[in-house]
Every structure is written in structure tokens, then in C-alpha cells.
Amino acid sequence: MPDNSIFETKDKRIKEAVCIDTKRIFDSCVSKDCLEDLRVTFFSRSQRLIDEAVTVKTRDCTIEEVSIDVEEVPFNRGFYSVDITFYFKLCFDTYAAPCTTPQVAVGFAQFNKKCILYGSDGNVKVFVSNPSCEAIDCPESPQYTNPVAKVQAVDPVILATEVRDCCDCNVCLCTSFPQSILKSVEDTIPSCGASKAVLVTLGLFSIVQMERDAQILIPAYDYCLPDRECNCNTSNPCETFQSIDFPVEEFFPVDRENGCSCCEAPEEKENCD
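About the criteria used
- For every chain, the first residue of its written sequence is number 1, and the numbers climb from 1 along that sequence.
- Side-chain atom pairs in this predicted model are given and counted only at pLDDT of 80 or more, local residue features only at pLDDT of at least 70, and totals for whole chains, interfaces and linings cover all residues.
- Hydrogens are left out, water is left out, and the side-chain values use all remaining heavy atoms of the structure.
- Two joining distances apply to patches: 9 Å for like charges and 5 Å for nonpolar side chains (Val, Leu, Ile, Met, Phe, Trp, Tyr), and every residue must have over 30% relative accessible area and no salt bridge.
- Only the protein chains shown count as cover for residues, with accessible areas throughout obtained via the Shrake-Rupley method and a probe of 1.4 Å.
- What counts as a salt bridge is simple: a side-chain nitrogen of Lys or Arg found within 4 Å of a carboxyl oxygen of Asp or Glu.
- Note on conventions: DSSP H or I runs of at least 4 residues are helices, E runs of at least 2 residues are strands, and numbering of each starts at the N terminus.
- Being paired, for any two strands, means DSSP has found at least two bridges between them.
- Working definition: rings of Phe, Tyr and Trp (its six-membered ring) pair if their centres are within 6.5 Å, and the pair is stacked with planes under 30 degrees apart, edge-to-face with planes over 60 apart, and tilted otherwise.
- Buried means the residue's accessible area, taken with a 1.4 Å probe over protein chains only, is under 20% of the maximum for its type, while exposed means over 50%, and partly exposed covers the values in between.
- Put simply, buried Ala, Val, Leu, Ile, Met, Phe, Trp, Tyr and Cys residues joined by side-chain atoms within 4.5 Å make one nonpolar core.
- Here, two residues are considered to be in contact whenever any of their heavy atoms come within 4.5 Å of each other.
- We count Lys and Arg on the positive side and Asp and Glu on the negative side, and we leave His and both chain ends out.
- Any N or O atom pair separated by 3.5 Å or less is treated as a polar contact, with the protein-specific requirement of one donor-capable and one acceptor-capable atom, and with residues adjacent in sequence counted only for side-chain atom pairs.
- Throughout, a charge is located at the NZ atom of Lys, the CZ atom of Arg, the CG atom of Asp or the CD atom of Glu.
- What pLDDT expresses is the predictor's confidence in each residue, scored from 0 to 100.

Asks: When you look at a nonpolar patch on the surface in this model, what are you seeing that I'm missing?
Replies: Together, Val154, Val157, Leu159 and Phe205 make up an exposed nonpolar region whose accessible area comes to about 360 Å². Positionally, Phe205 belongs in strand S10 (residues 196-220).

Rendered as C-alpha cells:
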């Protein structure tokens, strides 16, 4: 039975101390990277649009995949190197002539970074019962308590786009990308003989964490029961819609100084001070 006395002096509402098996964050770091002049890879159709365009504008950029590789650092016990590769998908509006309808060109870029984090050490094998294999009496394969790297990132900010003439038009830019991010591309034929290259500068925010399975003792207050009833009234959708507040902040900008919308009455603005 866990000793509850360690929590009694701090909070009388604590029911008991319970032990949970969860992921513990042993180390983490925050990154703010400026990725200058990333070369964008296009396939044949998109590269043809870039070569024929007089103006190229970046529409958006998204993180499609992140490859993470964790390796133990030699002679530094408990520390691990994390090799991270970000794969970006970029969409460009290409204009073959002024005041014309743009054609969309899709390209890909990648960025590699490495960091070293502390992940503790342990060589325990974990065996878990598997109900699906009870008929043949085989346990699930063992899991090792190695640390796991976790990467959190938001879609990058597009800082600059530059189109340059290729210095060597006979060279193919053959950069490998995971097949999972190429499913949305109609044409995956490598582009050779490109006359123009697109370079982008991106701002990337990310958090890297090193996690490991651990048993942690925590205070338990009570079971977490929901404090509201489910709204299952779907018989009249118009009544349900009328109960939703009008999203004023979506239509009118918010004043940064006092946090009030520009459409509010003066007496309402005074309450925001």
C-alpha cells in the first residue's frame, strides 16, 4: 500500500498515492531555425511550369513527414543523438504571363538537423500479454526500454522565395523522398535539364523531447467524471445552430492594446481595460 503521508501536508483533497506507468520526459530542447536557400525539388510537370513562368509566388508550405533516428552517444552514457529530417511540401503559383490565371506547381524540400539529449539508461526487456495469441500460447515480442525521441513542430513560415537560373541544366536534382508524401503528386518522373531553380527560406519552430517508460508515483484526487451531460438533441438542427454564439472575432479584428473588437460599443470597450 503506498504511503499517502508524503502528500497529506500539501493538499488535504488527495485521496491516495497511485503508481502509473507512463512516458517520462528526461530531456527536451526548443529550436528556432532559419532555413536559408533550401533547394526545392520538382518533378517533370511542375518543373516545366517553373521554367515557363515569369513570376513565381509561394502559396503555402507544410510539414509532410519527419524522420527520426536515435543512437546512443559513445563514451557518454545516458546521452543519445537524435537525427531529424524534415520533409516539406510546397505549392507555388506560377504565372506564364502577367494578369493570367496561375498554374500550381508542387515541390519538395528537406532539412536535416541533429541534437544530443539525455535519455537515461536501462536494458530491461518488457513482455506484454497478447490476447490475440492466447490460442497458440505465444507472448508478444519483448519491448526494450530504450528512450524514444518525439518531435513537435508547426508548419514553417515562408520568409523568402527566389528563382535562379540553373548553372548546369543537364544535372538532375535527384533527392529521395518517402513514398508516403509522393502520393498526392500525379507525376513522379525526375526532372532533368531544368533551366530554373527555386530557393526558399523558411522559419521553423520545433520542440524535441527524449522520453522513456517509467513508473511514477502521483497523487490521486478522485476519479475524473465528466461534469456535463452530452447534448444529443439532433432532432431540430436549426435550434442547435441558433444556440451557437455568433463568431464576432472571426469577422472583426481584435485591438491588441485592450483586446476588444472594433465593433464593440464604447461602454463595452471600457470594461476591457
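Asks: Where do I start with the sheet that holds strand S2 (residues 41-42) in this structure?
Replies: Sheets are built from strands paired through backbone hydrogen bonds, the pairs being either parallel or antiparallel. Ordered by their spatial adjacency, 4 strands build an open sheet running S2-S5-S4-S3, and the pairing between neighbours is antiparallel. The outermost strands of the open sheet, each flanked by one partner alone, are S2 and strand S3 (55-72). Across 2 bridges, the pairing between S2 and strand S5 (residues 103-118) is antiparallel. When the sheet's bridge partners are listed, Thr41 is paired in S5 with Phe108.

Asks: Got a minute to help me understand the packing of aromatic side chains in this structure?
Replies: Note on aromatic pairs: each is described by the distance of the centres and the angle between the planes. Counted under the stated rule, the structure contains 8 aromatic pairs. Aromatic side chains Phe86 and Phe88 sit 6.3 Å apart centroid to centroid with 5° between the ring planes, which places their arrangement in the stacked category. Look at Phe86 and you get buried, because its relative accessible area is 0%. Aromatic pair Tyr87 and Phe177: ring centres 6.0 Å apart, planes at 65°, arrangement edge-to-face. Taken together, the residues span a long stretch of sequence, with Tyr87 in strand S4 (residues 79-95) and Phe177 in the loop between strand S9 (157-165) and S10 at a distance of 90 residues.

Asks: Would you take a moment to explain the nonpolar core for this structure?
Replies: If you look at soluble globular proteins, the nonpolar side chains tend to sit buried side by side. Phe88, Leu90, Phe92 and Val200 are the most contacted members of the largest nonpolar core, which totals 29 residues. Broken down by secondary-structure element, the contributors of at least two residues to this core are strand S1 (16-39), helix H2 (44-52), S3, S4, S5 and S10. Among the elements that take part in this core, S4 stands out by supplying 7 residues, more than any other. Membership of the second largest hydrophobic core comes to 7 residues, among which are Tyr87, Phe108, Ile181 and Leu182.

Asks: Would you take a moment to explain the environment of Phe108 for this structure?
Replies: Mapped onto the elements, Phe108 comes out in strand S5. For the pair formed by Phe108 and Cys61, sequence separation is 47 residues and the distance between their alpha carbons is 9.3 Å. In contact with Phe108, other than residues within four places in its own chain, are Arg39, Val40, Thr41, Phe43, Phe88, Lys89, Leu90, Phe177, Ile181, Leu182 and Val185.

Asks: Looking at this structure, I do not really get the environment of Val208. What am I missing?
Replies: Along the chain, Val208 turns up in strand S10. Placed 56 residues apart in sequence, Val208 and Gln152 show a C-alpha to C-alpha distance of 6.5 Å.

Asks: Even after reading the chapter, I still don't get the side chain of Arg212, so can you show me in this structure?
Replies: Counting through the fold element by element, Arg212 comes out in strand S10. No salt bridge is formed by the buried Arg212; its nearest oppositely charged neighbour, Asp121, is found at 6.2 Å. There is a polar contact of 3.5 Å between the side chain of Arg212 and the side chain of Tyr80.

Asks: Could you clarify how one ought to interpret the side chain of Gln209 in this entry?
Replies: Turning to its location among the elements, Gln209 is positioned in strand S10. Not counting residues within four places of it along the chain, the set of residues in contact with Gln209 comprises Ile25, Asp27, Ser28, Leu117, Val148, Ala149, Lys150 and Gln152.

Asks: Looking at this structure, I do not really get a negative patch on the surface. What am I missing?
Replies: A cluster of acidic side chains, namely Asp60, Glu64, Glu65 and Asp155, defines a negative patch on the protein surface. The residue Asp155 is located in the loop between strand S8 (148-153) and S9 in this model. Its relative accessible area of 43% is what places Asp155 among the partly exposed residues.

Asks: So what exactly am I meant to see when it comes to the confidence of the model for the protein chain here?
Replies: Interpreting fine coordinate detail is not advised for predicted regions of low pLDDT. On average, residues of the protein chain carry a pLDDT of 79, and 75% of them reach 70 or more. Across the protein chain, element-level confidence peaks in S4 with a mean pLDDT of 93 and bottoms out in helix H5 (residues 266-270) with 48. Overall, residues 265-273 carries pLDDT values under 50, and its contacts beyond four positions in sequence, including any with other chains, amount to 9 contacts.

Asks: Explain the pattern of salt bridges here, please?
Replies: A side chain with one charge can pair with a side chain of the opposite charge if their charged atoms come near. If you walk through the whole model with that rule in mind, you get 6 salt bridges. The partner of Lys23 in a salt bridge is Asp213, and the shortest N-O contact between them spans 3.1 Å. Of the two residues, Lys23 is situated in strand S1 and Asp213 in strand S10; the sequence distance between them amounts to 190 residues. With a relative accessible area of 42%, Lys23 lands in the partly exposed category. The residue Asp83 makes a salt bridge to Lys114 at a minimum N-O spacing of 3.6 Å. Separated by 31 residues along the polypeptide, Asp83 in strand S4 and Lys114 in strand S5 bring together distant segments of the chain. On the basis of relative accessibility, which here comes to 56%, the residue Lys114 falls in the exposed class.

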